[in-house]
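# Close look at the chain arrangement
One letter stands for each residue in the lines below.
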Protein chains: 2
Amino acid sequence: MRYFEYFSEQEVRRIHETCLRLLETVGVDFSFEPALEVLKKAGCKVEGQRVFFPPRLVEAQVAKAPAQYTLQARNPDKSVVIGGEHIAFIPCYGPPFVTDLDRGRRASTLEDYINFVKLGHASRSMDITGGMMAEPNDIPHERRNAEMMYASMRYSDKPFMGGAIGAEAARETVEMAAILFGCSEAELAEKRPIISILCARTPLAYDDRMLGAIMEYAKSGMPQLISSLSIAGATAPVTMEGTLVVQNTEVLAGIVLTQLIREGTPVVFAGSSSCSAMRYGTLSIGAPEMAVNTAATAQMARFYGIPSRGGGALSDAKLPDAQAGFEAMMSQLMATLSGVHFVLHSAGILEGYMVSSYEKFVLDDEICGMCKRIKRGERADEDRLAFELIRQVGPGGEYLTQKHTFQNFRKEIYANIVEEKDTYANWQQKGAMSIDRRANRKWKEILKDYQEPQLPAETDKALRRYIERKYGA
Amino acid sequence: MRYFEYFSEQEVRRIHETCLRLLETVGVDFSFEPALEVLKKAGCKVEGQRVFFPPRLVEAQVAKAPAQYTLQARNPDKSVVIGGEHIAFIPCYGPPFVTDLDRGRRASTLEDYINFVKLGHASRSMDITGGMMAEPNDIPHERRNAEMMYASMRYSDKPFMGGAIGAEAARETVEMAAILFGCSEAELAEKRPIISILCARTPLAYDDRMLGAIMEYAKSGMPQLISSLSIAGATAPVTMEGTLVVQNTEVLAGIVLTQLIREGTPVVFAGSSSCSAMRYGTLSIGAPEMAVNTAATAQMARFYGIPSRGGGALSDAKLPDAQAGFEAMMSQLMATLSGVHFVLHSAGILEGYMVSSYEKFVLDDEICGMCKRIKRGERADEDRLAFELIRQVGPGGEYLTQKHTFQNFRKEIYANIVEEKDTYANWQQKGAMSIDRRANRKWKEILKDYQEPQLPAETDKALRRYIERKYGA
């Protein structure tokens, strides 16, 4: 499979060198003393919070990040390879609101979070569960990370996203994961069941919360996305090429820090930059510029030999309507065809990260299944080219009643989840439903049929005890 | 720009050789005496209607088809290059029904056809107008082609699709085009203002109607799509690789005929194969297998050095809902990223080619605009990387008030047509509309604002006289 790419080798090198020049002469702000110390000791020039990176240091450290690694799930069948020819889909992350067709838009609760863990668990296409799929607004602030992690551990046996709201949440996540696996933290560093997203404060800065978490996870050897969301026309130049330079510079700076703390820390080269909708001054994640940046990010990450993040079922739409559909597919398919490895926000996002939608979760799950079918691709071997069968059937024949068709269609043709494929007459008879209404039925059905992947009783107890000791019953 | 590809060089060659073997030993049915004569004279073995092709004849003839050519529009600014790095979008083709949110699903009329010509003319992204965008069911059968061609010539000054319902319609289309351009048919062959789609009767056959039109257009030197719609599990093996072999064999056979009739006839290597929705026994054009086949078609066409057709804003959905959105974007973006040159059905299709939708026309026009932005791509030159600007703004700065942003955002960032990008609060205040309702407003607005690109009075009169002489007033 040859991935879609925008740049020549020479252009990739020019982008890289522009970033090195920025890192050396303009610098990046790190507002966290422990990070400044590490960087200074490694040979960076530090003035106040501004850090200037020697180009050779950047290249040497970035080269230490691994090209591929595995996140171990508590169900070993569900472990996930990050890198190589693999693509991993991960649901929505971060919205403070939730919506569905019955109850409308509202502040999300822990129940919503748990429901999304269950939907992620039940999905054929989601490889990893969140990670802040819905903010549990009904839980006290300080307790939220622990309750989300517990829910991720209990209601799914897939790998999961860790907390990212500072060093303390990172520590807590690692400690809870060690309880889940009944192992030491040193052993946990071999298993890597969690991965977290840490983000620059664009342009060209990192804040103390993010740096605290980056350093904590790096110390523990836990994988992390070093991510930039530069916004063309707002936090970066209005050209997507200039925005790519800002993004690339930020990500390189963050990765250098991770490798200085612990050589070989698994990272993902993570770009989620887009542009602003200039008329409204809002961030636009449904814009084609987002897809453009996804392909550029994947190519830059390949140059560095590090797994990439980009894409997502992203949308600016307010409803699970046609706009939500085509925007989500655009970024998701671009990630698939440009060789992205890690696709955050693969299900549920509406309104530019503001809302997680139950219906859109199901629709995006369909999109992800279709993209995985496309990624599986074609293999032109004798068997699949089927010369002998075509010869036998001959001109004017039919294949519907062939044994070959009956034996193979289930594995050959994508089995849809909610897409409408019936005839018009049948569709009318069934109630003439639009797909958002079908998705509404579907998520309720999935939650109803959900089966909990039982945790051992003592593990569950130990996790609850950990939380209650910290935050009360 | 490096296009997405599935196959290695060796695999492409294996597919090609499998097709040559089929052409030589299994053959293709041509149920049209004049075509059999041409093929026999060229050295094919003919048994009844079955034609067996010597491999060297196939390779020699296919090599004669040009890699690139221009369709001349009556407005020279709107001429369209087929081939090279170009992608051309063409609206829906063939549906017998039409639908909109106000009047619902119904048999289409000439008025609908004219409306779609106007929408295609007004679009920034449609390069060529149809071509059977809506069947004029209110016009007598024999007169339909002439009235559609007249409408295409009068209401738009872009190149247009010609009739394809047999030799007579092809002849008529060429004669009317010569009147439009006020030139001889020999001169018309230099201008090529029309392009038509001719389709195999899969598997491995061509019928008399299609062969009549192929031969007529080839004689006139008019460009044509030689197209196959093989259906995995119905008219072709259930593996998409086997389906590709059937498609490729059919297309090669058709192209050989065009080059034997007139060497250098411009053709498009056209694949629109997909799979059946096995549960319902219906053709599925919204399936990921359709997108898989699009990439495969583009790669095979590159191997032959002939412009390719694939993709389209295709959907099985019954309404302009999220399914319509994500299915359309899937095939449209795949065409864009795999290097397809000619994308038929780029606007309006619902229900697997059964319906043209006014609202979906507008939504797909948005999708096409986004795909063209993505195709424009990135160019990593010093100017666009914007080092100096990033240096000046520095860490923690902002770009919104920079002169560079103000001067460039219009050409840098895609300007959307109907997408909702506003804040939630503003969206609510504006009526909380879904995008299909916005599209409903939009197409009415476009038709209201439409301005006719005036034909010279005598040309218009000559065209009407041609039609009335043939079919009465």
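Throughout this description, residue numbers start from 1 for each chain and increase along the sequence as written. Note on labels: chains are lettered from A, ligands numbered from 1, in written order. Under the rules for a predicted model, residues below a pLDDT of 70 receive no local features and side-chain atom pairs below 80 are neither given nor counted, while totals for whole chains, interfaces and linings still include all residues. Side-chain measures here rest on the full set of heavy atoms in the structure, leaving out hydrogens and waters.

Note on conventions: DSSP H or I runs of at least 4 residues are helices, E runs of at least 2 residues are strands, and numbering of each starts at the N terminus. In terms of helices and strands, chain A carries 18 helices and 20 strands. Over its C-alpha trace chain A gives a radius of gyration of 23 Å, about what one expects of a compact globule, namely 23 Å for 473 residues. With the C-alpha coordinates aligned to their principal axes, the bounding extent of chain A is approximately 75 × 60 × 45 Å. Note on contacts: a residue pair qualifies if any of its non-hydrogen atoms lie within 4.5 Å across the two residues. Relative to all contacts within chain A whose residues are 6 or more apart in sequence, the contacts with residues 24 or more apart total 75%. Charge assignment in this entry is limited to Lys and Arg as positive and Asp and Glu as negative, and neither His nor the chain termini are counted. The atom standing in for a charge is NZ when the residue is Lys, CZ when it is Arg, CG when it is Asp and CD when it is Glu. Positive and negative charge centroids in chain A, built from 56 and 60 side chains respectively, lie 2 Å apart. As a reference, a globule follows 2.2 Å times the number of residues to the power 0.38, and the radius of gyration itself is taken over C-alpha atoms.

Once that is clear, we can look at the pattern of salt bridges. Should their charged atoms come close, side chains of opposite charge can pair. We define a salt bridge as a contact between a side-chain nitrogen of Lys or Arg and a carboxyl oxygen of Asp or Glu at a distance within 4 Å. For the coordinates displayed, the defined rule picks out 75 salt bridges over all chains. Across the salt bridge formed by Arg373(B) and Glu289(A), the nearest N and O atoms sit 3.0 Å from each other. You can see Arg373(B) sitting in helix α12 (residues 358–376) and its partner Glu289(A) sitting in helix α10 (residues 288–304), one on each of two chains. Relative accessibility under 20% of the residue-type maximum defines a buried residue, over 50% an exposed one, and the middle range a partly exposed one, all with a 1.4 Å probe and only protein chains included. Taking relative accessible area as the criterion, Glu289(A) reaches 1% and is therefore assigned buried. Beyond isolated ion pairs, a larger network of salt bridges with shared partners links Arg376(A), Arg384(A), Lys411(A), Glu412(A) and Glu241(B).

Below, the discussion takes up the side chain of Thr173(B). Residue and element names in this part refer to chain B. Residue position: Thr173 is located in helix α6 (residues 167–181). Within polar-contact distance, the side chain of Thr173 engages the side chain of Tyr217 at 3.5 Å. In contact with Thr173, other than residues within four places in its own chain, are Asn145, Met149, Met153, Gly162, Gly163, Ile194 and Tyr217. Polar contact is the term for a pair of N or O atoms within 3.5 Å; when the atoms are in protein, one must be able to donate a hydrogen and the other to accept it, and sequence-neighboring residues count only if both atoms are side-chain atoms.

Residues and elements named next belong to chain B. Paired strands are those between which DSSP finds at least two bridges. Across the sheet, which stays open at both edges, the three strands sit in the order β13-β15-β16 with mixed pairing between neighbours. Edge strands, defined here as strands with exactly one partner in the open sheet, are β13 (231–232) and β16 (282–284). Inspection of the sheet shows strand β15 (residues 274–277) paired to β16 by three bridges, in the antiparallel sense. Bridge pairing in β16 places Ser276 opposite Leu283.

Right, let's talk about the sheet that holds strand β1 (residues 28–30) of chain B for a bit. All names here are of chain B. Strand order in this open sheet of four strands is β2-β3-β1-β11, and the pairing throughout is mixed. Among the strands making up the open sheet, the edge pair consists of β2 (45–47) and β11 (205–206). Across three bridges, β2 lies against strand β3 (residues 50–52) in antiparallel orientation. Opposite Glu47, over in β3, you have Arg50 as the bridge partner.

This next bit is on the environment of Phe361(B). Residue and element names in this part refer to chain B. You can see Phe361 is positioned in helix α12. Given the relative accessible area of 2%, Phe361 is considered buried. The spacing of Phe361 and Ile195 is 166 residues in sequence and 21 Å in space, taken between C-alpha atoms. Setting aside its immediate chain neighbours within four residues, Phe361 contacts Pro91, Phe116, Leu119, Gly120, Ala347 and Gly348.

Here we take up the relation of the copies chain A and chain B. When the copies are superposed, the least-squares fit draws on C-alpha atoms of residues that have pLDDT of at least 70 in both. Least-squares fitting of chain A to chain B yields an RMSD of 0.0 Å, with the superposition described by an axial translation of 0.0 Å and a rotation of 180 degrees. Given the turn and translation reported, the copies of this chain are related as if by a two-fold rotation axis. A shared binding surface is used by both copies, with 100% of the interface residues of chain A retained as interface residues in chain B.

Between chain A and chain B, the contact holds 114 residues from the first and 114 residues from the second. Taken together, both faces of the contact between chain A and chain B bury some 10,100 Å²; the carbon and sulfur share is 68%. Looking only at chain A, the three residues that lose the most surface to chain B are Arg2(A), Phe326(A) and Glu378(A), adding up to 9% of its buried area. On the surface where chain A and chain B come into contact, there are ten salt bridges. On inspection of chain A and its partner chain B, the count reaches 40 residue pairs in polar contact (both at pLDDT 80 or more). The element that contributes the greatest number of residues to the side of chain A that touches chain B is helix α11 (residues 322–338) of chain A, accounting for ten residues. Within the side of chain A that touches chain B, the residues separate by chemical class into 60 nonpolar, 23 polar and 31 charged. Note on definitions: buried area is the accessible-area loss of two parts on being combined, 1.4 Å probe, summed for both. In the scheme used here, Gly and all other residues not listed as nonpolar or charged are polar, with Ala, Val, Leu, Ile, Met, Phe, Trp, Tyr, Cys and Pro taken as nonpolar and Asp, Glu, Lys and Arg as charged.

It is worth spelling out the packing of aromatic side chains at this point. Residue and element names in this part refer to chain B. Think of it this way: a Phe, Tyr or Trp ring, Trp meaning its six-membered ring, pairs with another when their centres are within 6.5 Å, and the plane angle makes it stacked under 30 degrees, edge-to-face over 60, tilted otherwise. Counted by the stated rule, this structure contains 22 aromatic pairs over all chains. Two conditions define a charge sitting above a ring: the NZ of Lys or the CZ of Arg must be within 6 Å of the ring centre, and it must be within 35 degrees of the ring normal. The ring of Tyr358 carries the charged tip of Arg103 above its face, separated from the ring centre by 5.8 Å. Just above the ring of Trp443 sits the side chain of Lys444; from NZ or CZ to the centre is 5.7 Å.

Residue and element names in this part refer to chain A. An ideal rise of 1.5 Å per residue puts 18 Å on 13 residues; helix α4 (residues 110–122) measures up with 18 Å between its terminal C-alpha atoms. Where burial is concerned, most of α4 is hidden: eleven out of the 13 residues are buried. Among the residues making up α4, those that are buried are Leu110, Asp112, Tyr113, Ile114, Asn115, Phe116, Val117, Lys118, Leu119, Gly120 and His121. If you follow the buried residues of α4, they end up packed against β7 (97–99), β8 (106–107), α5 (144–155), β20 (355–357), α12 (358–376) and α17 (435–449). Helix span, expected: 1.5 Å multiplied by one less than the number of residues in the helix.

Right, let's get into the domain arrangement of chain A. The accessible area lost on association of the parts is a frequent measure of interface size. These domain limits were set by an automatic method or by a database of domain assignments. Along its sequence, chain A is carved into domain 1 (68–376) and domain 2 (382–412). On a C-alpha basis, the centroid separation for the pair domain 1 of chain A and domain 2 of chain A is 42 Å.

Attention now goes to helix α5 (residues 144–155) of chain B. Along an α-helix, residues three or four apart share an orientation, since each turn contains 3.6 residues. Residue and element names in this part refer to chain B. With twelve residues, α5 ought to run about 16 Å at 1.5 Å a step, and its terminal C-alpha atoms sit 16 Å apart, in line with that. When we look at burial in α5, the residues that qualify are Arg144, Asn145, Ala146, Glu147, Met148, Met149, Tyr150, Ala151, Ser152, Met153 and Tyr155. Looking at the buried positions of α5, the neighbouring elements they touch are α4 (110–122), β9 (160–161), α6 and α18 (457–471).

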